[in-house]
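# Examining the three-dimensional arrangement
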Amino acid sequence: MIPFNKPYLTGKEAHYMYEAVFTGKLSGNGMFTQRCQAYFEKRYGFLKCLLTTSCTDALEMAAILCDVKPGDEVIIPSYTFVSTALAFVRQGATIIFADSQSEHPNIDADKIEALITPRTKVIVPVHYAGMACDMTKIMALADKYNLLVVEDAAQAVDSFYEGDRALGSIGHLAAFSFHETKNIISGEGGMLAINDDRFIHRAEIIWEKGTNRAEFFRGEVNKYGWVDIGSSFLPSEVIAAFLWAQIEHLDEIQNKRKEHWNRYYEALKPLADKGYFKLPQIPAYATNNAHMFYLVCPSLEGRTKLITTLKQNDILAVFHYLSLHSSPYYTEKHDGRVLANCDRFADCLVRLPLFYELSLEDQNKIIATIKSVYNDK
Ligand SMILES: *Cc1c(COP(=O)(O)O)cnc(C)c1O
């Protein structure tokens, strides 16, 4: 079976974890955590980074930092993972689900303004497949209506907007994931990026169980105690050590994934030109970090046939995101608007295997199998 994903180990993970274990600093915010955070801050221009135990946790921190309260409205695309909405729902927010663009799963920035009310507090663009949303339009709306922007950059490590602006550096806050299905990984893991200095002080407190422990360890206060709400959002040093081994190979990982991505694109373009399916579109303002390779079939039946044929040939392709606005948890709470583009991606999008160690032979087999579905040589 060609798997859908296979976590890639760079080789030094266990070595650094061993180092963390034997230096005796096992809890969070130690040397490896600080090394990872400093790396991301410097390389991508984030004002401040805090590692978290997941992207879900980073989003929860963001929801707390935005001071989201019951009755507040948060605008989120419906075509996304549960966590994007869940973090704000836990603060009591009403989620106003937005539709995707017709040719891209990302939120349609032109349709956001109509959803803004006096209760709107936050917009949460999700950079689907690591490709940027239209951040100029979204930040202009935030400015005009005095809203906060939290980028769900779970899939968007090492991807950029308009050339050199790293995704995750544009909104007030951003959340990244290092889950084993993402480009660089730590099993479970994530990071909050903070780009507005108003949030830094409180973020450190929320991160460490509502205490001012970080200040204490910098010698800024002589006692630490309970000063705010919070949780245990920080990962152990063992996890940060694993992540450091991945970071050291980030460029190599990205280059390999882009090679695979481009090979799929070139090989499948003739079929897309014949109208069998659509290929990913990269907006002019976005870069591609090769997080994901997907096809959009013309119908649910077409997608089912493609996935089934691949499976019969021992290839695991998957679909994802059941529209959140019509999920069992939210459908009663949704305001009833039809989100047609989102529903179409939910029915028609399929993801192909894409991981560092995907061999040329296996990729050729996947491509040949797809061609066979359309009787195309
Ligand atoms: C993976 C993912 C998440 C959740 O990340 P975790 O680290 O598993 O919590 C959230 N949003 C999006 C868009 C994702 O792809």
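Owing to the predicted nature of the structure, the values given are computational and were not obtained by experimental measurement. (Residues numbered from 1 in each chain as written. Predicted model: local features only at pLDDT ≥ 70, side-chain atom pairs only at ≥ 80, totals over all residues. Heavy atoms only, no water.)

### Looking at the overall build of the protein chain
Broken down by element type, the protein chain carries twelve helices and eleven strands. The globule rule puts the C-alpha radius of gyration for 377 residues at 21 Å, and the 21 Å found for the protein chain is close to it. Its C-alpha atoms give the protein chain principal-axis dimensions of roughly 75 × 55 × 35 Å. For the protein chain, the residues scored as buried account for 57% of the 377 residues in total. Sequence-distant contacts, at least 24 apart, represent 72% of the contacts inside the protein chain between residues at least 6 apart. Working note: accessible area of the protein chain is about 15,900 Å², and carbon and sulfur atoms make up 54% of it. In the protein chain, 39 side chains carry a positive charge and 46 a negative one; their mean positions are 2 Å apart. (Helix = DSSP H or I, 4+ residues; strand = E, 2+ residues; numbered from the N terminus. Rg over C-alpha atoms; globule rule 2.2 N^0.38 Å. Buried < 20%, exposed > 50% of the residue type's maximum accessible area, 1.4 Å probe, protein only. Contact = heavy atoms within 4.5 Å. Areas by Shrake-Rupley, 256 points an atom, 1.4 Å probe, with all protein chains shown as cover. Lys, Arg positive; Asp, Glu negative; His and termini not counted. Charge placed at Lys NZ, Arg CZ, Asp CG, Glu CD.)

### Some remarks on the sheet that holds strand β1 (residues 48-52)
The strand order across the open sheet built from seven strands is β1-β9-β8-β5-β4-β2-β3, with neighbouring strands paired in mixed fashion. Taken across any chain shown, the strands that pair with only one partner, and hence form the sheet edges, are β1 and β3 (94-98). Strand-to-strand twist in this sheet, taken as the mean axis angle between neighbours without regard to direction, amounts to 25 degrees. Sheet topology places strand β5 (residues 148-152) next to strand β8 (residues 173-177); three bridges connect them, and they run parallel. Paired with E151 across the bridge in β8 is A174. Helix-sheet contacts for helix α6 (residues 200-207) involve β1 and β9 (190-194), and the interaxial angle to β1 is about 15 degrees. (Pairing = 2+ DSSP bridges. Axes fitted to C-alpha atoms, helices over the stretch in contact; angles between N-to-C directions.)

### So, the domain arrangement of the protein chain
Segmenting the protein chain into domains produces domain 1 (13-247) and domain 2 (250-373). Taking only C-alpha atoms into account, the centre of domain 1 sits 26 Å from that of domain 2. The interface is formed by 46 residues belonging to domain 1 together with 37 residues belonging to domain 2. Inspection of the domain 1/domain 2 interface yields two salt bridges. For K278, the salt bridge is made with E103, and the minimal N-O distance between the two is 3.2 Å. (Domains from an automatic or database assignment. Salt bridge = Lys/Arg side-chain N within 4 Å of Asp/Glu carboxyl O.)

### Section: the pairing of β1
With five of five residues buried, β1 lies mostly within the body of the structure. Because side chains alternate across β1, one face comprises the buried residues K48, L50 and T52, and the other comprises C49 and L51, equally buried. Where β1 and β9 come together, five bridges link them in antiparallel fashion. The partner of L50 across the bridge, within β9, is L192.

### A short note on the pattern of salt bridges
Overall, the coordinates contain 19 salt bridges when judged by the stated rule. Of the charged contacts, one joins D158 and R43 as a salt bridge, the two residues approaching to 3.2 Å between their closest N and O atoms. Taken together, the positions of D158 in the loop between β5 and β6 (160-161) and R43 in helix α2 (residues 31-44) put the pair 115 residues apart, joining distant regions of the chain. By relative accessible area, R43 is classed as partly exposed at 33%. Between D196 and R198 there is a salt bridge whose closest N-O contact spans 2.7 Å.

### A short note on the site of the ligand
Looking at the ligand, there are 15 residues lining it, with T56, D152, Q155, S177 and K182 nearest. In the environment of the ligand, an oxygen atom lies 2.5 Å from a nitrogen or oxygen atom belonging to the side chain of T56. Contacts to the ligand include K182, whose side-chain N or O atom sits 3.3 Å from an oxygen atom. When the free accessible area of the ligand is taken as 380 Å², the share hidden by the protein chains comes to 93%. A breakdown of the residues in the shell around the ligand according to their chemical character gives five nonpolar, eight polar and two charged. (Near = heavy atom within 4 Å. Polar contact = N/O pair within 3.5 Å; in protein donor to acceptor, adjacent residues only side chain to side chain. Nonpolar A, V, L, I, M, F, W, Y, C, P; charged D, E, K, R; others polar.)

### Topic: the pairing of β3
In terms of burial, β3 is largely enclosed, as four of its five residues are buried. Here strand β2 (residues 73-77) pairs with β3 via five bridges, running parallel. Across the sheet, residue V74 finds its bridge partner in β3, namely I95. Handedness of the β2-helix α4 (residues 82-89)-β3 crossover: right-handed. (Right-handed = clockwise from strand over helix to strand, strands pointing away.)

### Concerning the nonpolar core
A general tendency of soluble globular proteins is for nonpolar side chains to be buried together. Within the largest apolar cluster, 51 residues are counted, with the highest numbers of intra-cluster contacts made by F40, F46, I112, I138, F176 and I184. The element that contributes the greatest number of residues to this core is helix α8 (residues 237-247), accounting for six residues. Built from parts of two domains, this core gets at least three residues from each of domain 1 (13-247) and domain 2 (250-373). In contact with F46, not counting residues within four places along its chain, are F40, E41, A166, L167, G168, S169, F176, M191, A193, I194 and N195. (Core = buried A, V, L, I, M, F, W, Y, C linked by side-chain atoms within 4.5 Å.)

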